[in-house]
Structure formats: C-alpha cells, structure tokens
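Structure at a glance
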Amino acid sequence: GAGVSQSPSNKVTEKGKDVELRCDPISGHTALYWYRQSLGQGLEFLIYFQGNSAPDKSGLPSDRFSAERTGGSVSTLTIQRTQQEDSAVYLCASSLGAGDSPLHFGNGTRLTVT
Amino acid sequence: AQSVTQPDIHITVSEGASLELRCNYSYGATPYLFWYVQSPGQGLQLLLKYFSGDTLVQGIKGFEAEFKRSQSSFNLRKPSVHWSDAAEYFCAVGARGGGFKTIFGAGTRLFVKA
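These numbers come from a predicted model, not from an experiment.

Turning our eyes to something else, we now look at the overall build of chain B. Secondary structure assignment for chain B yields zero helices and 12 strands. Taking 13 Å as the expected radius of gyration for a compact globule of 114 residues, we find that chain B reaches 14 Å, a close match to that expectation. Structurally, chain B occupies a C-alpha span of about 45 × 30 × 20 Å along its principal axes. Counting all 114 residues of chain B, 46% fall into the buried class. Sequence separation of 24 or more characterises 55% of the internal contacts of chain B that already satisfy a separation of 6 or more. Total accessible area on chain B is roughly 5300 Å²; 50% of this is exposed by carbon and sulfur atoms. One finds the centroid of the 11 positive side-chain charges in chain B at a distance of 6 Å from the centroid of its 8 negative side-chain charges.

Given below as structure tokens:
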C-alpha cells in the first residue's frame, strides 16, 4: 500500500497476556518510530529504528516492552504481561530517515487491557 | 536532547476568528520544526515544516507558522478558523544530529464554536 499500515486496528486482551502489534512502513523509508498516545496525552516516544543502526530504545517504559524490525522493513512491538496502564493507541510512523523528513503515520492500534 | 512544550491543553475559538497555537522548544541548535494535525478518527497529518531560510512558513489548509529563534518558539496561526479545523494539533522537533529522532509536544485540542 501507499501508506503506513498497522495491524490489528483494535486489540482487547486480558491483563497478564502478551500482545504483538505490527507495523508495515512505507517502502523505502529507513526510519521507523513507535509512539504511544493515551487518552488526553500527547505522543509518547517509545522506540526509533534508523537503517542498520542500533535502535534508540530510550522511550520504552519498562522491560516488558520490546520491538524489532526485520529486514529493515516490518516492525513488531511486543508487550509482555500486559497491564491496564498499557491501554492506549500505539502509533507507528516512518520517514526517509533524516531529521528534516516528516513522519508518515499509520492509523494506530487501539489496545485495551481488561 | 530536544524537548517541546505546548502550553495550552485546549483552546476554543469562534468560527471566523483568528487562531494562534503556541509551541516552545528546547534544543542546542536550530532544530527542524513541524506541526501535525490529528482530526477526530483520523491519523496524524503534516501541516507544515521549518528547516531553514524564511522564518514564516506556509502550510496546508491556510495555516502558517513563524520560527522565532530569540523566543525558541514556532507558533501556528490561521487568520480565519473554520469548523472543520477542530482537531488536536501537535508541535514536533527533529534533531539535526545524532539520532535524528522526532519528539512531540503534548498537543493542543482546538474547539471551534459557531
């Protein structure tokens, strides 16, 4: 597709379960970001991949969160042992990679932990 | 590391009135600056960006923003607001060096009254 694709669009899970969120960036975009948007909150930076460099994981809130990017393309954000405070919209964005490149966002995955 | 402050959590303006949304940034050099809009049920969309040169930049939907280095500000303006402008607006800063990651402010929600 032409844009950033995220799946699933909605995910409801029980507390303590693991979840995987997927992001398919725009072809050719070397940079990929994950952000979290909670109700009434801004965009919280989680992790940033740029080409073959080591990812910037400085925004991950705990060691229950991890992400990988395979083959420089698709990325998966994994949350282990989910907690209710993990409920949020998880947004993925990609860009051409330089700091002046605007981000192209997916529609997000709405995660609800019950 | 860069940071972004949007002092106003929400603003209400009358349709046809002018609008100014505030954004202040912290960064050691001239950053890359962006404004994004998130309409209800929509993904984030780039409104405009500043990289260098003319400090007044024009964007889509009749928006403009002015970079003021002395005030570390990048305020968004529109001369006449339309009801369809009701949305959440995010200011963002991209670094010119290092990891290039983009950091967002907390957002300002705009309400438009008839």
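Residue and element names in this part refer to chain B. Mapping L21 onto the fold places it in strand β3 (residues 19-21). Classification of L21 as buried rests on a relative accessible area of 0%. A C-alpha to C-alpha distance of 8.9 Å links L21 and L110, two positions 89 residues apart in sequence. Ignoring sequence-local partners within four residues, the contact set of L21 consists of I11, W35, N75, L76, Y89 and T108.

This next bit is on the interface of chain B and chain A. Facing the 20 residues of chain B at the interface are 20 residues of chain A. Between chain B and chain A, roughly 1500 Å² of surface is buried when both sides are summed, and carbon and sulfur atoms account for 59% of that area. Applying the counting criterion to the chain B and chain A interface returns zero salt bridges. Connecting chain B to chain A are four residue pairs in polar contact (both at pLDDT 80 or more). Going through the elements one at a time, β5 (32-38), β6 (44-50), β10 (87-94) and β11 (102-104) of chain B are the ones with two or more residues in the side of chain B that touches chain A. Sorting elements by how many residues they give to the side of chain B that touches chain A places β5(B) first, with four residues. Its residues assigned to classes, the side of chain B that touches chain A shows 12 nonpolar, six polar and two charged.

The next subject is the pattern of salt bridges. Residues and elements named next belong to chain B. Taken as a whole and assessed by the stated rule, the structure comprises eight salt bridges over all chains. One salt bridge connects R77 with E64, and the closest N-O pair in it is separated by 3.3 Å. Pair noted here: R77 is in strand β9 (residues 73-78) and E64 is in strand β8 (residues 64-68), with a separation of 13 residues, a long-range link. Overall, the relative accessible area of 24% leaves R77 in the partly exposed class. For the salt bridge of E88 with R109, the shortest nitrogen-to-oxygen distance reads 2.9 Å. Of this pair, E88 sits in strand β10 while R109 is found in strand β12 (residues 108-113), placing the two residues 21 residues apart along the sequence. Looking at E88, the relative accessible area reads 10%, which means it is buried. Here the salt bridges share partners, and the residues they tie into one network are E64, E66 and R77.

Before going further, it helps to spend a moment on the environment of B:Y89. Residue and element names in this part refer to chain B. When you line up the elements, Y89 lands in strand β10. Residues Y89 and G107 lie 18 residues apart in sequence; the distance between their C-alpha atoms is 5.4 Å. Excluding its chain neighbours within four sequence positions, the residues that come into contact with Y89 are Q6, L21, W35, Y36, V37, L47, F63, L76, G107, T108 and L110. Within the structure, Y89 has its side chain in polar contact with the backbone oxygen of D85 (distance 2.5 Å).

Quick notes on the rules
Residues numbered from 1 in each chain as written. Chains lettered and ligands numbered in written order. Predicted model: local features only at pLDDT ≥ 70, side-chain atom pairs only at ≥ 80, totals over all residues. Heavy atoms only, no water. Helix = DSSP H or I, 4+ residues; strand = E, 2+ residues; numbered from the N terminus. Rg over C-alpha atoms; globule rule 2.2 N^0.38 Å. Buried < 20%, exposed > 50% of the residue type's maximum accessible area, 1.4 Å probe, protein only. Contact = heavy atoms within 4.5 Å. Areas by Shrake-Rupley, 256 points an atom, 1.4 Å probe, with all protein chains shown as cover. Lys, Arg positive; Asp, Glu negative; His and termini not counted. Charge placed at Lys NZ, Arg CZ, Asp CG, Glu CD. Buried area = accessible area lost by both parts, 1.4 Å probe. Salt bridge = Lys/Arg side-chain N within 4 Å of Asp/Glu carboxyl O. Polar contact = N/O pair within 3.5 Å; in protein donor to acceptor, adjacent residues only side chain to side chain. Nonpolar A, V, L, I, M, F, W, Y, C, P; charged D, E, K, R; others polar.

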